[in-house]
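# Residue-level structural notes
One-letter residues, chain by chain:
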Protein chains: 2
Amino acid sequence: MTSKVYVEILQQLYRIIEEDGLSAGDKIPSERELAERLNAGRSSVREALRSLEFLGIIETRRGEGTYLKEFGDHQLIGLLGMFILQEKRAKEDLAETKWLIEEMCLSLACKRRTEEHVQELEQLLTKPLDYETFFQWVVKAGNNYLLERIWRVLNDFYQSQHGAISLPHMFYEQMAQSFQTRDWTTIRNIFSEYRRID
Amino acid sequence: MTSKVYVEILQQLYRIIEEDGLSAGDKIPSERELAERLNAGRSSVREALRSLEFLGIIETRRGEGTYLKEFGDHQLIGLLGMFILQEKRAKEDLAETKWLIEEMCLSLACKRRTEEHVQELEQLLTKPLDYETFFQWVVKAGNNYLLERIWRVLNDFYQSQHGAISLPHMFYEQMAQSFQTRDWTTIRNIFSEYRRID
DNA sequence: GAACGAGTCTGGTCTGACCACTTAACGTTT
DNA sequence: AAACGTTAAGTGGTCAGACCAGACTCGTTC
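Residues numbered from 1 in each chain as written. Chains lettered and ligands numbered in written order. Predicted model: local features only at pLDDT ≥ 70, side-chain atom pairs only at ≥ 80, totals over all residues. Heavy atoms only, no water.

Before going further, it helps to spend a moment on the pairing of strand β3 (residues 65-68) of chain A. Regular strands place side chains that alternate from one sheet face to the opposite one. Residue and element names in this part refer to chain A. Here β3 shows two buried faces, one formed by G65 and Y67 and the other by T66 and L68. Judged from the 2 bridges that link them, strand β1 (residues 27-28) and β3 form a sheet pairing that is antiparallel. If you follow K27 over to β3, its bridge partner there is Y67. Across 4 bridges, strand β2 (residues 58-61) lies against β3 in antiparallel orientation. Bridged to T60 within β3 is T66. Between β2 and β3, which pair antiparallel in sequence order, lie 3 residues; one of them, G63, sits at a positive phi of approximately 90°. (Buried < 20%, exposed > 50% of the residue type's maximum accessible area, 1.4 Å probe, protein only. Helix = DSSP H or I, 4+ residues; strand = E, 2+ residues; numbered from the N terminus. Pairing = 2+ DSSP bridges.)

Here is the structure:
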């Protein structure tokens, strides 16, 4: 037995969650039941659950049970900010990385945007638009969920440190036009241009 | 008693670490001693320690004790990746995202590689080279720590799902040559070419 | 139907007991 | 004196059982 029980339990727990098709908000088996199903002591089960609770992945309510929490909420993000981003090197690279990822998303969106996407963007332009909302459209049009999650994390960090990015409305208008014609060169130029301003 | 004991313990533990002036590598009091000093059960102490261990803040060695870990090499980014990548949609985009990030790193490395980097790569080429080792060189030459962490997560998960990528030695030779001349166009072409093969 | 209450489920905590492993001390042998 | 082996103490790893506190179920009572 080289591996620790509570690590095993974490893996088994994932299996159970998948097999039972549990998702956010659902109740997971009680500690006693888990201990029995996994042939482990209740204290070991609790050690595993505590770790998950600490990360904000589950929520325990005395007398009720243990529930899966919605991922993407503040807990993990906050922890990351607290620990990882305190590393100087990571902090220094945050802005650059965010920009590179955004350029990547723009490229994907340019290739994959549909007519519906363009229309939706037109709709957004009728009202004052902010950088974050615009890029939420971009990552959606880019149709890569993983990249969307990565961008969201970087964006949250960036905002917490530098505040929101503000660009003139013309930026979004020019972007929209270029997306309509799938003019990648122009999109890239606009992005570089306004990045310098910001 | 509204607050949970293990949360209290975490706070007390932080105080103890400060008061005793403990830093990375130092040994913290044993579980039994902590339980006594904090008037808590050993199981509660363990629940707190497990959370910290899960985050990589401490390291426990059976028979020896519990030690503070170097601040900075904890696996929060890895954990974040683990939970994001657990989602089906994210999994589907894994290969594409990994490739995009890699292309991004290649671009950075092409711009920023120094003479020392090139020499180091030459050194690597004297022996059989694998994809992962090569890209570790790339991300290092790219000089973006955050991107390095992101790539590592994606790479780990890709490998766990698809196994290691194997490319002919010529690929690395061509890459090395193009890096020497900073020929980004060729680097990109080689990358696209061999990606199709893989 | 509404209000009460016993029983049962849940998580929260503590205690005590082993086990496996490491280290240090002590003694013996060479 | 140096090398070796043995022993004892300390440490994390795990389990079982007990009790507490909150929340729910459901039958009884008003």
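Moving on, there is more to tell.
Another aspect to go through is the protein's contact with DNA strand C. Surveying the vicinity of DNA strand C reveals 25 residues, the closest of which are R32 and R42 of chain A together with V5, S43 and S44 of chain B. When atoms of DNA strand C within 4 Å of the protein are split into backbone and base, the sugar-phosphate part holds 65%. The separation between a phosphate oxygen of DNA strand C and a polar side-chain atom of S44 of chain B is 2.6 Å. Of all the secondary structure elements, the ones that give two or more residues to the surface near DNA strand C are α2 (31-37), α3 (42-54), β2 and β3 of chain A together with α3 (42-54) of chain B. (Near = heavy atom within 4 Å. Polar contact = N/O pair within 3.5 Å; in protein donor to acceptor, adjacent residues only side chain to side chain.)

Turning to the protein's contact with DNA strand D, a few remarks are in order. As a matter of local geometry, DNA strand D sits amid 25 residues, with V5, S43 and S44 of chain A together with R32 and R42 of chain B nearest to it. Contact between DNA strand D and R46 of chain B: a phosphate oxygen at 3.1 Å from a side-chain N or O atom of the residue. In this structure, a sugar or linking oxygen belonging to DNA strand D sits 3.4 Å away from a side-chain N or O atom of R62 of chain B. Listing elements by their share of the surface near DNA strand D, those giving two or more residues are α3 of chain A together with α2 (31-37), α3, β2 (58-61) and β3 (65-68) of chain B.

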